[in-house]
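Here are the chains, one letter per residue:
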Amino acid sequence: MRKRTGTSAWFLVPVALVAPAPAGATQYLKVEDAQKLAFPQADAFTPFAYAPTPEQRAAVDQAAHARATAGDPAIWRVTAAGQPMGWFIVDNVIGKVEHITYAVALGRDAAVRSLEILDYRETHGYEVRNAAWRRQFDGKSAHTPLEFGDDIKNISGATLSCRHLTDGVRRLLAIQDLVLR
Amino acid sequence: MNLHRRARPLLGTFVEIACRGDAGVCLPAIEAAFEAIARVHRLMSPHERDSDLARMNERAHLEPVQIDEETAYVLAAALELNRESGGAFDVAAGSAGSSGDIELLPQRFVRYARALRVDLGGIAKGYAVDRAIAELASRGITHAIVNAGGDLRVLGGDAQLIHLRDPGAPATLHPALMLASGAVATSAGYFARAVVDPATGEVIDGRDSASVMAPTAMLADALAKVVLLRGSLSRALLERYNAHALVLRAAGGALHARWLPQVPA
């Protein structure tokens, strides 16, 4: 690229000591908590056996414009005092570097009532843990109130697209339309 | 006092809100903050039908189009940044014209001198983060982080460790900055969205990333694009907006870094 660089301001970031880092995983909500948030009035979440016929599966693929990549979703029928309130669905999507578990609540009108990410995992292949590079943080507390352990990180980076998740939601709406009755 | 974290897909990316305080205060505040971001999405996404952006791009070259106060605010900021950056920041880049063809008229009317495809993607995400932070603060929250796909802002004076991706290997993270009461945004070509140079129409896909720290996420978001394009030529612009940049460059298996205008105190 045509970037004009200055004279001497570049400095080398030492990357000699590279250690494997665990995949970062953040749990935002447990399934039960997400259920209560989405349907506070509900008194029963009954597991629904999602067992589509090959024809239904093909119809869902076609309506969603994509094939499932991470298995079938877990589905609950939601009721209050025996009356149907809608559906609660937990699904996974796998992106370039991320693996996401998310929950969608559908009302009786099949509209999306809520969409929450339950788990977000990024595969950080390696992380630099170099003493010289880290020294610049000496005397500053890295574990201030919002930092909790090594697994939760504040990352600034170019935008990671949520297209896979949007595709996933479209697929769940197709399942609702074609299979859930 | 507990830490509450939520994440939702908005603005074409993942938005995370972390907030410290009692659940009774934090949870409704987080809900309101997500709603503020969703509102920015509805107003400024070029893909949402009937968004201000969609209506502008469809009709503003034919007749003045009236837009929402929030969209007008972001558009005015974008036009100012276009002038201040000598055209490097351009929300009309990649279309037939430039920001100079956009006119913001009284009473929030906007007019194009020719048909344009304006995209506020390079600034609206940062603005949405600022709106979310303002919503949290107005509800008495004193410690929070809002992160929209890497554009993030810290509310409160406790410094937070910020990790940057290695531009040569984006799955590798580097602990790089401590940030309190401010914002940081990063531009790079390593994921889907690349930056287009308005001067040449060229897509920047080099092995650089530009991270800008600024008082607001809107400024950090926009200035990161300028620094990625113009490098050290953006020094005066950064000073004007009280901002700092950290440029990372992957070359020959090594990672190099450089601060602009200088290492912040």
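Residues numbered from 1 in each chain as written. Chains lettered and ligands numbered in written order. Predicted model: local features only at pLDDT ≥ 70, side-chain atom pairs only at ≥ 80, totals over all residues.

For chain B, the count of helices and strands is 6 helices and 15 strands. Over its C-alpha atoms chain B spans a radius of gyration of 18 Å, differing by no more than 12% from the 18 Å that the globule rule assigns to 265 residues. Expressed as lengths along the three principal axes of its C-alpha atoms, the size of chain B is roughly 55 × 50 × 30 Å. Intrachain contacts of chain B at a sequence separation of at least 6 include 55% that bridge at least 24 residues. (Helix = DSSP H or I, 4+ residues; strand = E, 2+ residues; numbered from the N terminus. Rg over C-alpha atoms; globule rule 2.2 N^0.38 Å. Contact = placed C-beta atoms within 7 Å.)

Residue and element names in this part refer to chain A. Here strand 4 (residues 44-48) pairs with strand 5 (residues 74-80) via 5 bridges, running antiparallel. Looking at strand 5, one finds that threonine 46 is bridged to arginine 77. Pairing analysis gives 7 bridges linking strand 5 to strand 6 (residues 83-94), with the strands arranged antiparallel. When the bridges of strand 6 are listed, alanine 80 appears paired with glutamine 83. Hairpin connection, strand 5 to strand 6: the antiparallel pair is bridged by 2 residues, and alanine 81 has positive phi, about 50 degrees. (Pairing = 2+ DSSP bridges.)

Further remarks concern the sheet that holds strand 5 (residues 109-112) of chain B. All names here are of chain B. The strand order across the open sheet formed by 3 strands is 3-5-4, and the pairing between neighbours is antiparallel. With one partner strand each, in any of the chains shown, strand 3 (65-66) and strand 4 (102-105) form the two edges of the open sheet. Pairing of strand 3 with strand 5 involves 2 bridges; the strand directions are antiparallel. In the sheet register, valine 65 faces strand 5, and the bridge partner there is valine 110.

For the rest of this paragraph, the subject is the nonpolar core. All names here are of chain B. Core analysis: the biggest nonpolar cluster contains 118 residues, and Val212, Ala220 and Leu223 have the highest contact counts within it. In terms of residue count, helix 5 (residues 217-230) provides more of this core than any other element does, 11 residues in total. The residue makeup of this core includes at least three contributed by each of domain 1 (47-118) and domain 2 (159-265). (Core = buried A, V, L, I, M, F, W, Y, C linked by C-beta atoms within 7 Å. Buried ≥ 20, exposed ≤ 12 C-beta atoms within 10 Å, placed from the backbone. Domains from an automatic or database assignment.)

Another aspect to go through is the pairing of strand 15 (residues 254-260) of chain B. A regular strand places its side chains on the two faces of the sheet in alternate fashion. Residues and elements named next belong to chain B. Relative to strand 15, strand 14 (residues 244-251) runs antiparallel, the two sharing 7 bridges. By the bridge assignment, valine 247 is partnered in strand 15 with arginine 258. Linkage of strand 14 to strand 15, two consecutive antiparallel strands, is achieved through a turn of 2 residues, within which glycine 252 is found at a positive phi near 55 degrees.

Before going further, it helps to spend a moment on helix 5 of chain B. Residue and element names in this part refer to chain B. Under the 1.5 Å per step criterion, the end-to-end length of helix 5 is 20 Å for 14 residues, consistent within 8% with the ideal 20 Å. Among the 14 residues in helix 5, 14 count as buried, and that is most of the element. The first or second residue beyond helix 5 is glycine 231, which carries a positive phi of 55 degrees. (Expected span 1.5 Å × (residues − 1).)

Should the pLDDT be low somewhere, the predicted coordinates at that spot are not to be read in detail. In the predicted model, chain B carries a mean pLDDT of 90, and 93% of its residues have values of at least 70. We note a pTM of 0.86 for the whole complex and an ipTM of 0.82 for its interfaces. (pLDDT = per-residue confidence, 0-100.)

A negative phi holds for most residues other than glycine; trans holds for most peptide bonds. That bond from leucine 260 of chain B to proline 261 of chain B is cis: its omega, -10 degrees, falls within 30 degrees of zero. Position of proline 261 of chain B among the secondary structure elements: in the segment after strand 15. Not every positive phi belongs to a glycine, and alanine 110 of chain A is a case in point at roughly 70 degrees. With respect to the helices and strands, the residue alanine 110 of chain A is situated in the loop between strand 7 (98-107) and strand 8 (112-122). Even without a glycine there, the phi angle at glutamine 107 of chain B is positive, about 60 degrees. By the secondary structure assignment, glutamine 107 of chain B is in the loop between strand 4 and strand 5. Residue glutamine 107 of chain B is classed as exposed on the basis of its 7 C-beta neighbours within 10 Å.

This part is about the packing of helix 1 (residues 23-44) of chain B against helix 3 (residues 69-84) of chain B. Residues and elements named next belong to chain B. Interhelical geometry of helix 1 versus helix 3 gives an angle of 75 degrees and a closest axis separation of 10 Å. Of the possible angle classes, the one that applies to helix 1 and helix 3 is roughly perpendicular. On the side of helix 1, the interface is formed by Val40, Leu43 and Met44, while helix 3 contributes Glu70, Thr71 and Val74. (Axes fitted to C-alpha atoms, helices over the stretch in contact; angles between N-to-C directions. Parallel < 35°, antiparallel > 145°, perpendicular 65-115°, else oblique.)

Residue and element names in this part refer to chain B. Their axes nearest at 8 Å, the elements helix 1 and helix 4 (residues 124-138) cross at an angle of 150 degrees. Here helix 4 runs roughly antiparallel to helix 1, going by the angle between their axes. Taken as a pair, helix 1 and helix 4 cross one another with a handedness that is right-handed. Residues Ala29, Ala32, Ala33, Ala36, Ile37, Val40 and Met44 of helix 1 pack against Ala124, Tyr127, Ala128, Arg131, Ala132, Glu135 and Leu136 of helix 4. Residue composition of the contact of helix 1 with helix 4, grouped by class: 12 nonpolar, no polar and 2 charged. (Left-handed = near helix turned anticlockwise from the far one by under 90°. Nonpolar A, V, L, I, M, F, W, Y, C, P; charged D, E, K, R; others polar.)

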